[in-house]
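# Coordinate analysis (summary)
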Amino acid sequence: SSDPSNKSEIRRDPPATSWNYEPIATDGFAKWIGQKITDFETVYGDPEEVYSSGFSFVIHQYFIDDQTYLEVNTEGNRITSIKFLGKENTDIAPFQFGMTMNELAKITMIYPNFTLNHDGKIIAFELMEDDMNYRPLIAFDNGTFAMLFFSQKKGESSLYSVMYLDKETLLKLEPYQLTDGVSSRFITEEDADWEIINQNKQEQSKNLFQFLRHYDRLPEFILDTKNQMLGEQILGSFFSKTEDFLTTERTQQLQRIQSGTKDGRFTLSRSEMEDVLKEFSATTASVYLELPVYDPTFTILTWYSTPYLHTRFMHQDPESLGIAFSKENVVVLLQKLENKTEDSDAN
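Residues numbered from 1 in each chain as written. Predicted model: local features only at pLDDT ≥ 70, side-chain atom pairs only at ≥ 80, totals over all residues. Heavy atoms only, no water.

### Comments concerning the overall build of the protein
Scanning the protein from N- to C-terminus turns up 11 helices and 14 strands. A compact globule built from 347 residues would reach a C-alpha radius of gyration of about 20 Å, and the protein, at 20 Å, matches this within 12%. In terms of overall dimensions, the protein has C-alpha extents of about 65 × 50 × 45 Å along its principal axes. Out of the 347 residues belonging to the protein, those deemed buried represent 52%. Partitioning the intrachain contacts of the protein with sequence separation of at least 6 by distance along the chain shows that 63% fall at a separation of at least 24. Accessible surface, the protein as shown: approximately 16600 Å² in total, 48% of it carbon and sulfur. Looking at the protein, you have 32 positive and 55 negative side-chain charges, and the mean spots of the two groups are 3 Å apart. (Helix = DSSP H or I, 4+ residues; strand = E, 2+ residues; numbered from the N terminus. Rg over C-alpha atoms; globule rule 2.2 N^0.38 Å. Buried < 20%, exposed > 50% of the residue type's maximum accessible area, 1.4 Å probe, protein only. Contact = heavy atoms within 4.5 Å. Areas by Shrake-Rupley, 256 points an atom, 1.4 Å probe, with all protein chains shown as cover. Lys, Arg positive; Asp, Glu negative; His and termini not counted. Charge placed at Lys NZ, Arg CZ, Asp CG, Glu CD.)

### Let's talk about unusual backbone geometry
Following Ala-93, the chain continues to Pro-94 via a peptide bond in cis, the omega torsion being 5 degrees. Examined against the element boundaries, Pro-94 turns out to sit in the loop between strand E4 (78-85) and helix H3 (101-107). The omega torsion of the bond from Leu-291 to Pro-292 falls at -5 degrees, within 30 degrees of zero and hence cis. The topology assignment puts Pro-292 in the loop between strand E12 (285-291) and helix H10 (296-304). Here the phi dihedral of Lys-327 falls at roughly 55 degrees; this positive angle occurs in a residue that is not glycine. With respect to the helices, strands and loops of the structure, Lys-327 is situated in the loop between strand E13 (319-326) and strand E14 (329-336). The class of Lys-327 is partly exposed, set by a relative accessible area of 36%.

### Some remarks on the sheet that holds strand E10 (residues 177-180)
Taken together, the 3 strands give an open sheet; going across it, the order is E5-E6-E10, and neighbouring strands pair in antiparallel fashion. Looking at strand neighbours, the two that pair on one side only are strand E5 (113-118) and E10, the edges of this open sheet. When strand polarity is set aside, the average angle formed by the axes of neighbouring strands in this sheet is 35 degrees. (Pairing = 2+ DSSP bridges. Axes fitted to C-alpha atoms, helices over the stretch in contact; angles between N-to-C directions.)

### A look at the side chain of Gln-204
By the secondary structure assignment, Gln-204 is in helix H6 (residues 194-215). Using a relative accessible area of 2% as the deciding quantity, one classes Gln-204 as buried. Once you skip the residues sitting within four places of it in the chain, Gln-204 turns out to touch Tyr-51, Ile-59, Gln-61, Tyr-69, Glu-71, Pro-296 and Thr-297.

### Observations regarding the packing of H6 against H10
Between H6 and H10, the least distance of the axes is 10 Å, while the angle of their chain directions is 30 degrees. As summarised for this structure, H6 and H10 are arranged roughly parallel, according to the angle between their axes. Considering the relative orientation of H6 and H10, their crossing is right-handed. Listed contacts from H10 to Lys-201, Gln-204, Ser-205, Leu-208, Phe-209, Leu-212 and Tyr-215 of H6 are Pro-296, Thr-297, Ile-300, Trp-303 and Tyr-304. Residue composition of the contact of H6 with H10, by class: 8 nonpolar, 3 polar and 1 charged. (Parallel < 35°, antiparallel > 145°, perpendicular 65-115°, else oblique. Left-handed = near helix turned anticlockwise from the far one by under 90°. Nonpolar A, V, L, I, M, F, W, Y, C, P; charged D, E, K, R; others polar.)

### Overview of the side chain of Gln-61
Locating Gln-61 in the fold gives a position in strand E2 (residues 58-65). For Gln-61, a relative accessible area of 12% corresponds to the buried category. A polar contact is formed between the side chain of Gln-61 and the side chain of Glu-71, at a distance of 3.5 Å. Among residues more than four places away in sequence, those in contact with Gln-61 are Pro-47, Glu-48, Glu-49, Tyr-51, Tyr-69, Leu-70, Glu-71 and Gln-204. (Polar contact = N/O pair within 3.5 Å; in protein donor to acceptor, adjacent residues only side chain to side chain.)

### Some remarks on H6
Between its first and last C-alpha, H6 extends 31 Å over 22 residues, near the 32 Å set by a 1.5 Å rise per residue. Note on H6: the residue one or two positions beyond its end, Arg-217, has a positive phi of about 55 degrees. (Expected span 1.5 Å × (residues − 1).)

### Here we look at the pairing of strand E3 (residues 68-75)
In terms of burial, E3 is largely enclosed, as 7 of its 8 residues are buried. Across 7 bridges, the pairing between E2 and E3 is antiparallel. Opposite Phe-63, over in E3, you have Tyr-69 as the bridge partner. Linking two consecutive strands that pair antiparallel, namely E3 and E4, is a turn of 2 residues; a positive phi of about 55 degrees is found at Gly-76 within it.

### Brief notes about helix H9 (residues 270-279)
Among the residues of H9, those classed as buried are Glu-272, Met-273, Val-276 and Leu-277. Looking straight down H9, one finds its buried side chains confined to an arc of 135 degrees; they lie on one side. For H9, exposure combined with an orientation more than 90 degrees from the buried face picks out Arg-270 and Lys-278. Buried-residue contacts for H9 involve helix H7 (225-240), helix H8 (248-259), strand E11 (266-267), E12, helix H11 (307-313) and E14. Ser-281 sits one or two residues past H9 and shows a positive phi near 45 degrees. (Arc of directions from axis to C-beta.)

### Topic: the pairing of strand E1 (residues 49-52)
One ladder, built from 4 bridges, connects E1 with E2; its direction is antiparallel. Note on E2: the bridge partner recorded for Val-50 is His-60. The turn linking E1 back onto E2 is made up of 5 residues, and Gly-54 within it adopts a positive phi angle of 85 degrees.

### Here we look at the nonpolar core
Counting residues in hydrophobic clusters, the biggest one holds 53 residues, and the most contacted among them are Phe-114, Phe-125, Leu-137, Phe-145, Phe-209, Trp-303 and Phe-313. Judged by nonpolar contacts, the second largest core, of 29 residues, contains Leu-70, Leu-104, Phe-150 and Val-162. (Core = buried A, V, L, I, M, F, W, Y, C linked by side-chain atoms within 4.5 Å.)

### Some thoughts on the confidence of the model for the protein
In low-pLDDT segments, the atomic positions of the prediction should not be examined closely. The share of residues in the protein with pLDDT of 70 or more is 91%, and the mean pLDDT across the chain is 89. For the protein, per-element mean pLDDT is lowest for helix H1 (residues 5-11), which scores 45, and highest for E4, which scores 98. Low confidence marks residues 1-18, where pLDDT is under 50. Its contacts with residues over four positions away, or in another chain, come to 7 contacts. Every residue in residues 339-347 scores below 50 in pLDDT, and together they form 7 contacts with partners more than four places removed in sequence or on other chains. (pLDDT = per-residue confidence, 0-100.)

Written out as structure tokens, the structure is:
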């Protein structure tokens, strides 16, 4: 009974004008959302890398220092989102890196329900318990939002990253459970050069993973070509012969998400992952597959603030990392080092 329609009927009663969350005063990077990227560059300098996402927005990456990660997305030269990790708190005022949920509660209430008016349509979504604890959403009075990412370190969760975004991007990324209305989707660009885009996203994702390993004071991932190639192989064959790996019901679920008739994300279950790894004689590895992934940094920040995925990607021991993209599909392959024997070449 995952049909939300009966729930949403009840929620449709309040008129669209009675907003169900209180925005806070616009501050920090929230002021830049909707502004021109050229104005931003006069303050923050030129980006290190600029490339197309393949989904109508452009990704600008800044290198400030090895403890700061700044990324800006633009559409038509206007800023649609800003992701920031680091030590510098002035840009994220009134928040502070390292702050706890209790400290956040002194600044603002954490609201579980949001109802937005988008192009004359009502869209509502709800934050689940994990969202409330690790990825709460804050609204600013200029109509923009911030997703706050909390990480579990030493048993207490603390703020480690903030993503500022406009309403459109929030609705397209769909980080929370929809309860009413239909989500908009990112449109694939007609003339996108996917080979280059996938390559850029792989690089970007590896860099961010390494940044987060540093942040957790863990050894870096080993990046070996064999593991990277295996990740790409798994991604390719999973989508070329899905029915070998999934039941009919799960294949249909995947197709509904791919076609946009069903909201949400598709990830492999534990037993499906085991079947995939068996197929490739990679039983010492751990594989994670997710779609749709439009904005890799947003997705990795979400994984990092999801306790069971944080545990999976942030093992104490060094592992080798392969990460493969194909448009909105991604596979992450982690291989334990101590079990890598020579006979893995024999297949």
